[in-house]
Amino acid sequence: MRKKVIFVVFCLVWCVTVTVQAQQHGWAQYSFSGGYENFAHTYEKSGYMFTADVEAHGRRKIFGAFLVGMSAYEGLQPVWVDYGKERISDNISDRRTQIIFAAGPGFDFLSNHIDRFYLSLYGGYAIVNYEYDYFNAKVREFRDESRNGLTGLMRLGYEHQCGRSWAIGAFLQGAYIGEELNWAVGVRIGFRTSDFHTKRLPATY
C-alpha cells in the first residue's frame, strides 16, 4: 500500500511541475474522456471507461502526459448444469473494476495546432478487482481476485480545436491491465491554455 501512495504522489507532483513549465514555455491541455472498453477473458467483454488527463506541451512535437482512469464491466453467461438425470439452465456472472494512475510521453504528428493526430504512451499502476462465479460439477463456486500491478497503455487519437480553447476528438486505446490485454474506443473533450486559434506550421522536433 505504501508503494501505491508514493507512486500516486510522485505522479501528482510530476503533473503539477510539467503543467507549470508548459504554461511558461508552451501550453497545457486538461481533458476528460469516455467510451467503450472490451475486457478480455470475461463472460460478455463489453464495459465502459472514463479518464481524466493533463498534457504539457512545449515548442516541439513531444509532450508529457498524466492520466487517471476508471473502467468497469459486469456480465452474465448462460450455462447448463447436470443434476443426475436432469439438466437445468442457469447463469454465471462476473464483474471487473479497474483504476489506473499513469504518466508518460506523447508525440504530435500531422499537427497544425488546430487539428492534431497524436500518440500517447503511458506506464503506471493499476488497482484491479475481478469477481466471478462458476460451477464445479453441481456446486456454484465464487472467486474474488485482486490483480493489482504495473500497467501499460497506448492511445492513438485525433482532435480538433473549437474556438480559442476547447478541443474535441476521438481515440483508439490498447492497454495491459490486470494481466489482460484490453482495447477501447472513446471521445475526448479538452480545454487548452493556448493563445492560438488559427492553423500554424507544424512544430519541429
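Trainee: Quick one: what's the story with the overall build of the protein chain, residue by residue and with numbers?
Mentor: Helix and strand counts for the protein chain come out as one helix and nine strands. Listing the helices and strands of the protein chain from first to last along the sequence gives α-β-β-β-β-β-β-β-β-β. Per-residue burial for the protein chain yields a buried fraction of 43% across its 205 residues. The contacts in the protein chain between residues at least 6 apart in sequence include a share of 62% that link residues at least 24 apart. Surface exposure of the protein chain reaches about 11500 Å², of which carbon and sulfur atoms provide 64%.

Trainee: Any details on the packing of aromatic side chains? Residues and values, ideally.
Mentor: Taken as a whole, this structure holds nine aromatic pairs when the rule is applied. Arranged with centres 4.9 Å apart and planes meeting at 45°, the rings of Phe117 and Tyr158 form a pair that is tilted. Taken together, the residues span a long stretch of sequence, with Phe117 in strand β5 (residues 115–136) and Tyr158 in strand β7 (residues 149–162) at a distance of 41 residues. The class of Phe117 is partly exposed, set by a relative accessible area of 35%.

Trainee: Outline the nonpolar core, listing residues and values.
Mentor: In this structure, Ile100, Tyr122, Ala126, Leu153 and Ile177 are the most contacted members of the largest nonpolar core, which totals 15 residues. Those elements that place two or more of their residues in this core are β3 (62–83), β4 (86–109), β5 and β8 (166–177). When residues of this core are assigned to their parent elements, the largest contribution, four residues, is made by β5. In this structure Ile177 touches Arg96, Gln98, Ile100, Ala126, Val128 and Thr151, once residues within four positions along its chain are discounted.

Trainee: Describe the pattern of salt bridges, listing the residues and the values that go with them.
Mentor: The tally for this structure, following the rule as stated, stands at 13 salt bridges. Measuring nitrogen to oxygen at the nearest pair gives 3.1 Å for the salt bridge that ties Arg188 to Glu159. Note that Arg188 is positioned in strand β9 (residues 180–192) and Glu159 in strand β7, a separation of 29 residues in sequence. Among the residues examined, Arg188 registers a relative accessible area of 1% and is labelled buried. A salt bridge links Arg192 to Glu159, with the nearest nitrogen and oxygen atoms 2.9 Å apart. In this pair, Arg192 is assigned in strand β9 and Glu159 in strand β7, connecting sequence segments 33 residues apart. Here Arg192 and Glu159 have matching classes, each one buried.

Trainee: Help me get a handle on the confidence of the model for the protein chain, residues and values and all.
Mentor: Looking at the protein chain as a whole, its pLDDT mean stands at 85, while 82% of the residues score no less than 70. The low-confidence segment residues 19–23, where pLDDT is below 50, has eleven contacts with residues more than four positions distant or belonging to other chains. Note that pLDDT drops below 50 for residues 201–205; the model gives that stretch eleven contacts with residues more than four away or on any other chain.

Trainee: Before we move on, could you go through the side chain of Thr151 and cite the residues and values that matter?
Mentor: Position of Thr151 among the secondary structure elements: in strand β7. The class of Thr151 is buried, set by a relative accessible area of 9%. There is a polar contact of 2.8 Å between the side chain of Thr151 and the backbone oxygen of Tyr176. Discounting residues that sit within four places of it in the chain, Thr151 has contacts with Tyr122, Gly123, Gly124, Tyr125, Ala126, Tyr176 and Ile177.

Trainee: Mind laying out the environment of Phe66, listing which residues take part and the relevant values?
Mentor: Here Phe66 is to be found in strand β3. Separated by eleven residues in sequence, Phe66 and Glu55 place their C-alpha atoms 6.7 Å apart.

Trainee: Quick rundown of the pairing of strand β1 (residues 27–38)? Include the residues and the values.
Mentor: With twelve bridges joining them, β1 and strand β2 (residues 46–57) adopt antiparallel strand pairing. Bridge pairing in β2 places Ser31 opposite Asp53. Both β1 and β9 contribute to a ladder of ten bridges, which runs antiparallel. Residue pairing in the sheet places Ser31 in a bridge with Gly190 of β9.

Criteria and cut-off values
- Residues numbered from 1 in each chain as written.
- Predicted model: local features only at pLDDT ≥ 70, side-chain atom pairs only at ≥ 80, totals over all residues.
- Heavy atoms only, no water.
- Helix = DSSP H or I, 4+ residues; strand = E, 2+ residues; numbered from the N terminus.
- Buried < 20%, exposed > 50% of the residue type's maximum accessible area, 1.4 Å probe, protein only.
- Contact = heavy atoms within 4.5 Å.
- Areas by Shrake-Rupley, 256 points an atom, 1.4 Å probe, with all protein chains shown as cover.
- Phe/Tyr/Trp six-rings, centres within 6.5 Å; stacked < 30°, edge-to-face > 60°.
- Core = buried A, V, L, I, M, F, W, Y, C linked by side-chain atoms within 4.5 Å.
- Salt bridge = Lys/Arg side-chain N within 4 Å of Asp/Glu carboxyl O.
- pLDDT = per-residue confidence, 0-100.
- Polar contact = N/O pair within 3.5 Å; in protein donor to acceptor, adjacent residues only side chain to side chain.
- Pairing = 2+ DSSP bridges.

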